[in-house]
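Spelled out from the first residue to the last, the chains are:
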Amino acid sequence: MAASTSEADDDALPISGLQHLAFCPRQWALIHLEQMWVEDVRTAEGRLLHERADLPGESRRANVRTVRGMWLRSERLHLTGRADVVEFRPEPYPVEYKRGKSKPNDCDTVQLCAQALCLEEMLQTAIERGAIFYGNPRRRLEVEFTPGLRTRTEELASTMHRLYRSRETPVAAPGPYCRNCSLVDVCLPQATAHVDGAARWVALQVRSLQREV
């Protein structure tokens, strides 16, 4: 990845982190602060889908030029990452690939919006829409980059940088979404929610032992 500053001085954080943060702040911290990752069937399928979708390359069909695996960067939001697909129609149209179906929250749409914000800054253009391709049911969902979605994305980016600087992992907030998280056995949401003192120390020691296994 090309960057204008050295890696040591680069404060850009990954665009993909916005998806994790919107889903669950604790999940974001476990992945991006504590460097934890557990692959299950869902994450493995998602990884394989991305590996196929964002292999760097370029193609043209009719009046659409398609660029895969395009590196993105925003100096304003201090974000960087790679877009699965950007279609030039000729205006840029980012497309993000997801293995499952559309979610009831905005974690996927903020990730796509962040890609659009990077492209707007890089190419000095306005981007109104993009799309998310869901593996189930194998169709695109078009996303409009409304003022509300843009504000939400920028606020999440600011929050992500603040959490990264604090280096503090938020306590768990157990909910139905926990069962869809591959890190549930590392997170221990029931054990670490609203605990302090000795109980929190024990939970942290358990996670430390799990990292070493």
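Residues numbered from 1 in each chain as written. Predicted model: local features only at pLDDT ≥ 70, side-chain atom pairs only at ≥ 80, totals over all residues. Heavy atoms only, no water.

**Q** Quick rundown of unusual backbone geometry? Include the residues and the values.
**A** Both trends apply: most residues other than glycine have a negative phi, and most peptide bonds are in trans. Residue P90 follows R89 across a cis peptide bond; omega there is 15 degrees. With respect to the helices and strands, the residue P90 is situated in the loop between β4 (79–88) and β5 (92–98). Of note, the bond from N136 into P137 is cis; its omega dihedral lies within 30 degrees of zero at 25 degrees. By secondary structure assignment, the location of P137 is in the loop between β6 (129–134) and β7 (139–144). Its identity is not glycine, yet Q35 carries a phi of approximately 55 degrees, on the positive side. Here Q35 is to be found in the loop between α2 (25–32) and α3 (41–53). (Helix = DSSP H or I, 4+ residues; strand = E, 2+ residues; numbered from the N terminus.)

**Q** Requested: an account of helix α5 (residues 147–166), with residues and values cited.
**A** Compared with an ideal rise of 1.5 Å per residue, which puts 20 residues at 28 Å, α5 spans 29 Å between its outermost C-alpha atoms and is within 8% of the ideal. The first or second residue beyond α5 is R167, which carries a positive phi of 60 degrees. (Expected span 1.5 Å × (residues − 1).)

**Q** Account for the nonpolar core, with residues named and values stated.
**A** Residues L18, W28, M70, L72, L79, F145 and M160 are the most contacted members of the largest nonpolar core, which totals 45 residues. Listing elements by their share of this core, those giving two or more residues are α1 (16–23), α2, β3 (64–74), β4, α4 (107–123), β6, α5 and α6 (184–187). With 9 residues, the top contributor of residues to this core is α4. Not counting residues up to four positions away in its chain, the partners in contact with L18 are L79, V110, A114, T153, L156, A157 and M160. (Core = buried A, V, L, I, M, F, W, Y, C linked by side-chain atoms within 4.5 Å. Buried < 20%, exposed > 50% of the residue type's maximum accessible area, 1.4 Å probe, protein only. Contact = heavy atoms within 4.5 Å.)

**Q** Can you tell me about the environment of I31, naming the residues and giving the values?
**A** Looking at the secondary structure, you find I31 in helix α2. Among the residues examined, I31 registers a relative accessible area of 12% and is labelled buried.

**Q** How would you summarise the pattern of salt bridges if you had to cite specific residues and measurements?
**A** Side chains that differ in charge, positive against negative, can pair when their charged atoms come close. Tallied over the full model, the rule gives 12 salt bridges. A salt bridge links R73 to E75; the shortest N-O distance between them is 2.7 Å. We classify E75 as partly exposed; its relative accessible area is 41%. For K98, the salt bridge goes to E96, with nearest N and O atoms at 3.5 Å. Given a relative accessible area of 9%, K98 falls into the buried group. A single network of salt bridges, built from pairs that share partners, joins E96, K98, K103 and D108. (Salt bridge = Lys/Arg side-chain N within 4 Å of Asp/Glu carboxyl O.)

**Q** So what about the packing of aromatic side chains? Which residues, and what values?
**A** One pair of aromatic rings is described through two measures. These are the centre distance and the angle between the planes. Going through the model one piece at a time under the given rule, you end up with 1 aromatic pair. Arranged with centres 5.0 Å apart and planes meeting at 40 degrees, the rings of Y97 and F133 form a pair that is tilted. Of this pair, Y97 sits in strand β5 while F133 sits in strand β6, placing them 36 residues apart in sequence. On the accessibility criterion, Y97 (18% relative accessible area) is buried. Given the relative accessible area of 13%, F133 is considered buried. The cationic tip of R65 hangs over the ring face of F88; the distance from NZ or CZ to the ring centre is 4.4 Å. One cation-aromatic arrangement involves R82 over W71; the distance from NZ or CZ to the ring centre is 5.5 Å. (Phe/Tyr/Trp six-rings, centres within 6.5 Å; stacked < 30°, edge-to-face > 60°. Lys NZ or Arg CZ within 6 Å of the ring centre and 35° of its normal.)

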